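Structure assessment
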Amino acid sequence: MEIIAKYTDERVLPLQNKSVIKRDAARAIALDGDEILLMYTARYDDYSLPGGGMDAGETPEQAMIRELREETGARQIRDITPFGCFEEYRPWYRDGADVMHMLSYCFYCRVDRDLGTPTFEHYEINNGMRPVWVSLNHAIAHNKAVMANSAKAGQSLIRETMLLEMIASQRLEQRHATA
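Here, residues in each chain are numbered from 1, in the same order as that chain's written sequence. For a predicted model such as this one, the threshold for reporting local features is a pLDDT of at least 70, and the threshold for listing and counting side-chain atom pairs is 80 or more; totals across whole chains, interfaces and linings nevertheless cover every residue. In computing side-chain values, all of the structure's heavy atoms are included and hydrogens and water are not.

**Brief notes about the packing of aromatic side chains**
Classification of ring pairs rests on two measures: the distance between centres of Phe, Tyr or Trp rings, Trp counted by its six-membered ring, which must be within 6.5 Å, and the angle between planes, read as stacked under 30 degrees, edge-to-face over 60 and tilted in between. Applying the stated criterion across every chain yields a total of two aromatic pairs. Plain terms: the ring middles of Phe83 and Tyr108 are 5.3 Å apart, the flat faces sit at 80 degrees to each other, and that makes the pair edge-to-face. Of this pair, Phe83 sits in strand E6 (residues 78-91) while Tyr108 sits in strand E7 (residues 99-110), and the two are 25 residues apart along the sequence. Accessibility assignment for this pair places Phe83 and Tyr108 in one class, buried. Secondary structure follows DSSP: runs of H or I at least 4 residues long count as helices, runs of E at least 2 residues long count as strands, and numbering of each begins at the N terminus. Here the term buried applies to any residue with accessible area under 20% of the maximum for its type, exposed to any over 50%, and partly exposed to those in between, with areas from a 1.4 Å probe on protein chains only.

**Let's talk about the pattern of salt bridges**
What counts as a salt bridge is simple: a side-chain nitrogen of Lys or Arg found within 4 Å of a carboxyl oxygen of Asp or Glu. A full pass over the atoms with the stated rule returns 17 salt bridges. Residue Glu160 pairs with Arg27 through a salt bridge whose shortest N-O separation is 3.9 Å. With a gap of 133 residues between them, Glu160 in helix H4 (residues 157-178) and Arg27 in strand E2 (residues 20-32) connect regions that are remote in the sequence. Like Glu160, the residue Arg27 is buried in the burial classification. Its salt-bridge partner being Arg113, residue Glu35 comes within 2.4 Å of it at the nearest N-O pair. Here Glu35, found in strand E3 (residues 35-41), pairs with Arg113, found in the loop between E7 and helix H2 (122-126); they are 78 residues apart in sequence, far enough to count as distant.

**Here's the deal with the environment of Ala141**
Considering the arrangement of structural elements, one finds Ala141 in helix H3 (residues 136-149). In this structure the C-alpha to C-alpha distance between Ala141 and Ala151, which are ten residues apart in sequence, comes to 17 Å.

**Overview of the nonpolar core**
Here, nonpolar core means buried Ala, Val, Leu, Ile, Met, Phe, Trp, Tyr and Cys residues that are tied together by side-chain atoms lying within 4.5 Å of each other. Ranked by size, the top nonpolar core spans 21 residues in total, and within it Ile29, Ile36, Leu38, Leu49, Leu164 and Ile167 carry the most contacts. Contributions of two or more residues to this core are made by E2, E3, E6, E7, strand E8 (129-135), H3 and H4. Among the elements that line this core, the one with the most residues is H4, at four residues. The contact criterion used throughout is that any non-hydrogen atoms of two residues lie within 4.5 Å. If we ignore the near neighbours within four places in the chain, the residues touching Ile167 are Ile29, Leu31, Ile36, Leu49, Phe83, Tyr108 and Leu136.

**Section: helix H1 (residues 60-72)**
Helix span, as expected, comes to 1.5 Å for every residue beyond the first. The first and last C-alpha atoms of H1 sit 18 Å apart over 13 residues, in line with the 18 Å expected at 1.5 Å per residue. Of the residues making up H1, those classed as buried are Ala63, Met64, Arg66, Glu67, Leu68, Glu71 and Thr72. Just downstream of H1, Gly73 is the residue with a positive phi angle, here 75 degrees.

It is worth stressing that arrangement in space is one thing and function is another; only the former is reported here.
Here it is as structure tokens:
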């Protein structure tokens, strides 16, 4: 899958002599009109794409489907197409590493608007995560306000906001192409 964007947190530079851990993840882009299915996290007051780390032996598409079902209770996941891969380097403070090198494989898909029951992990419950259908433009504006005004912004917020902006831009280009 093509790398569509790269982000390196300046706090990890220079990368030489740093201990780097690599993680592959998959993320879902489920749209319904002008709304997108996102995870709202109360702890950080932000919106993010459903998704997470790939398990051993999983393809990115399989991981996206599993994570989407677990986090949102999504049903009838269909029409899956690649969006692109987001590459990032950010601070990491566990597993004896200084830096996380993450590749997030992102896929468009369609799901039924009515969601089933999510199967959250303990930390997701503690962070107050919940799936929501929200206006794409609202989510972008909200995340930007959190980045500008909140000391509690999560490390993934830059990635998530960049991805949401790329999705919005692509949708705008598609609308102009068909107009």
